[in-house]
Amino acid sequence: MKPAILGGKPIREKSLPYARQYVDNEDCIEVNKVLKSAFLTTGPKVQEFEREISNYVGAKYAVAFSSGTAALHGACHAAGIGAGDEVITTPMTFAASANCVLYMGGTPVFADINLDTFNIDPNEIAKKITDKTRAIIPVDYTGQAVDMDSIKDSIKGKDIVIIQDAAHSLGTKYKGTKVGNLADMTMFSFHPVKTITTGEGGIITTNNKEYYKKLINFRSHCITRDTDQHINKDCGGWYYEQLDLGFNYRMTDFQAALGISQMKKIDWFIKRRKEIVDIYNEAFKNLEGVILQKNPDYSDTVNHLYVLKLDLSKLTVGRREIFGAFQAENIGVFVHYIPVYWHPYYQRLGYKKGLCPKAEELYNSILTVPLFPAMTDEDLEDVIDGFYKIVGYYRR
Ligand SMILES: *Cc1c(COP(=O)(O)O)cnc(C)c1O
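Caption draft 1: Here's a closer look at the site of the ligand. Taken together, 16 residues surround the ligand, and among them Gly68, Thr69, Asp165, Ser189 and Lys194 come closest. Note that a nitrogen atom of the ligand is positioned 2.8 Å from one of the side-chain N or O atoms of aspartate 165. A distance of 2.8 Å separates an oxygen atom of the ligand from a polar side-chain atom of histidine 168. When the ligand sits alone it has 380 Å² of accessible area, and the protein chains cover 93% of it. Secondary structure elements with two or more residues in the shell around the ligand: helix H3 (68–78), helix H4 (96–103) and strand S8 (185–189). Looking at the shell around the ligand, its residues break down into 6 nonpolar, 8 polar and 2 charged.

So this is what it looks like as structure tokens:
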């Protein structure tokens, strides 16, 4: 049920989504060219896109996948995650960051967040490390880089692989270095709401040749024609071997063409995202009833999401009513995320509510505000007006 609009007319006639891709004619032309070419898949565009991304982040290798989730699955395979292994991640993320561990038969372990940055807390990671810990999957929540040096300190001397879930943070820099060149493996997603899109799609960047080879194989059933990798030698020119259990997780060439074309616009995407975030920060910093996510100096952040925390002690209603009020104004808001282990599937696996109290507190009080490059200045004004109207109305 939609709550009544506060004071007659909604702020917007037409609804504003919280996120939306930006695809222009240039993108369509590039995709069309590939549709009429010899290769729709396993052609040259995928490699070109991989080079584009690896150059952009400064990593040696990149392996494209059919989705970010498939890419995370590939990274867990390359890291050798299996039954009995524990992998630490944050609950304040999309389910894929933990599901990829389950795909491999491993056990996700949730470490709580920091309530200033909303990112996984390296001290909480340290508390969760056991002799079964094989990997950590930190997530750059909203696009803000995790404190990678502190995370590395927390695992010093231990054989633990870091797989950075950078679905939100293409373009973000940590202490001057681009995300994508900090962890053992880094995943970017190209879902339409993310910084650039290929429809569905994802990629792993890495500097490690062994991981690279495993990732390449994994996305094609772990079947290879590379004779150096074959167990049986000299079996003929047609010969290929399946070395392990893999999947069909390939990106198509027309998706890669879209990605290459999108990368031509990334500087503008980033500039516009930063502009919008600056305007929001300025508008909301003095609005009593909302609390901003703190951005530490080490992160030069390209925000994928703009998340506001409601100061519920100052409001007469809960997040649910505030959320509904925005819907009534036709302003697209959302909640990122429900703590992963709250989902019924995870509850069935035995995870208990209360596991990460700070993440749960954050979940109860956040709202995601519209943020995408094609937003107009009027759209921005509407969102800000909406906050002043709704938070003003419900303030104690
Ligand atoms: C989008 C997203 C993913 C998964 O990416 P898909 O491309 O949708 O499979 C993983 N982790 C986070 C944090 C995401 O936001």
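Next comes the rest of the write-up.
Caption draft 2: Geometry of the sheet that holds strand S9 (residues 202–206). Sheet architecture is open: 7 strands sit in the order S1-S9-S8-S5-S4-S2-S3, paired in mixed fashion. The open sheet terminates on both sides in strands that have one partner only, identified here as strand S1 (61–65) and strand S3 (107–110). With strand direction ignored, the average angle separating the axes of adjacent strands in the sheet is 25°. Summarising the sheet, S1 and S9 pair through 5 bridges and their orientation is antiparallel. Within S9, the residue paired with alanine 62 across the bridge is threonine 205. Its contacts with the sheet put H3 on S1, strand S4 (133–137), strand S5 (161–165), S8 and S9, and the angle it makes with S8 is roughly 170°.

Caption draft 3: Quick peek at unusual backbone geometry. Cis geometry marks the peptide bond from histidine 336 to tyrosine 337; its omega dihedral reads 10°. For histidine 221, which is not glycine, the phi torsion reads 65° and is therefore positive. Mapped onto the secondary structure, histidine 221 falls in the loop between helix H7 (209–218) and strand S10 (223–224). Judged by relative accessible area, which is 32%, histidine 221 ranks as partly exposed. Unlike most non-glycine residues, asparagine 330 shows phi in positive territory, near 65°. Checked against the element boundaries, asparagine 330 lands in the loop between helix H10 (319–328) and helix H11 (344–348).

Caption draft 4: A look at the pairing of S3. Relative to S3, strand S2 (residues 86–89) runs parallel, the two being bridged by 4 bridges. When the sheet's bridge partners are listed, glutamate 86 is paired in S3 with threonine 107. In terms of handedness, the path from S2 via H4 over to S3 forms a crossover that is right-handed.

Caption draft 5: Summary view of the side chain of aspartate 253. Counting through the fold element by element, aspartate 253 comes out in helix H8 (residues 253–263). Put simply, aspartate 253 is tucked away with no salt bridge, and the nearest opposite charge, on lysine 45, sits 7.8 Å away. Residues within four places of aspartate 253 in sequence aside, it is in contact with Val34, Phe39, Leu40, Thr41, Thr42, Gly43, Pro44, Lys45 and Val46.

Caption draft 6: Layout of the packing of aromatic side chains. Enumeration over the complete set of coordinates arrives at 24 aromatic pairs. Taking 5.1 Å as the distance between ring centres and 10° as the angle between the ring planes, the aromatic pair formed by phenylalanine 247 and tyrosine 249 counts as stacked. Taking relative accessible area as the criterion, phenylalanine 247 reaches 31% and is therefore assigned partly exposed. Relative to phenylalanine 387, the ring of phenylalanine 326 has its centre 4.5 Å away and its plane inclined at 50°; by these criteria the two rings are tilted. Remark: phenylalanine 387 occurs in helix H13 (residues 377–394) and phenylalanine 326 occurs in helix H10; sequence separation between them is 61 residues.

Caption draft 7: Representation of the sheet that holds strand S14 (residues 306–310) within the structure. With antiparallel pairing, the 3 strands of this open sheet are ordered in space as S12-S14-S15. On the outer flanks of this sheet lie strand S12 (290–292) and strand S15 (366–369), each paired with one strand and no other. Each strand of the sheet is rotated relative to its neighbour by a mean of 40°, with strand direction disregarded. For S12 and S14, the ladder comprises 3 bridges, and the chain directions are antiparallel. In the strand pairing of S14, valine 290 is matched with leucine 310. Contacting S12, S14 and S15, helix H9 (residues 266–284) runs over the sheet at an angle of about 15° to S14.

Caption draft 8: Inspection of the domain arrangement of the protein chain at higher detail. When cut into domains, the protein chain gives domain 1 (4–19 + 266–394) and domain 2 (25–263). The gap between the C-alpha centroids of domain 1 and domain 2 is 28 Å. For domain 1, the biggest contributors to the area lost against domain 2 are Ile266, Tyr298 and Tyr337; these three give 21% of the whole. The interface formed by domain 1 and domain 2 holds 1 salt bridge in total. Across the salt bridge formed by aspartate 116 and lysine 294, the nearest N and O atoms sit 3.4 Å from each other.

Caption draft 9: How the structure looks around the side chain of threonine 93. Here threonine 93 is to be found in the loop between S2 and H4. Among residues more than four places away in sequence, those in contact with threonine 93 are Val139, Asp165, Tyr337, Ile338 and Val340.

Thresholds applied
- Residues numbered from 1 in each chain as written.
- Predicted model: local features only at pLDDT ≥ 70, side-chain atom pairs only at ≥ 80, totals over all residues.
- Heavy atoms only, no water.
- Near = heavy atom within 4 Å.
- Polar contact = N/O pair within 3.5 Å; in protein donor to acceptor, adjacent residues only side chain to side chain.
- Areas by Shrake-Rupley, 256 points an atom, 1.4 Å probe, with all protein chains shown as cover.
- Helix = DSSP H or I, 4+ residues; strand = E, 2+ residues; numbered from the N terminus.
- Nonpolar A, V, L, I, M, F, W, Y, C, P; charged D, E, K, R; others polar.
- Pairing = 2+ DSSP bridges.
- Axes fitted to C-alpha atoms, helices over the stretch in contact; angles between N-to-C directions.
- Contact = heavy atoms within 4.5 Å.
- Buried < 20%, exposed > 50% of the residue type's maximum accessible area, 1.4 Å probe, protein only.
- Right-handed = clockwise from strand over helix to strand, strands pointing away.
- Lys, Arg positive; Asp, Glu negative; His and termini not counted.
- Salt bridge = Lys/Arg side-chain N within 4 Å of Asp/Glu carboxyl O.
- Phe/Tyr/Trp six-rings, centres within 6.5 Å; stacked < 30°, edge-to-face > 60°.
- Domains from an automatic or database assignment.
- Buried area = accessible area lost by both parts, 1.4 Å probe.

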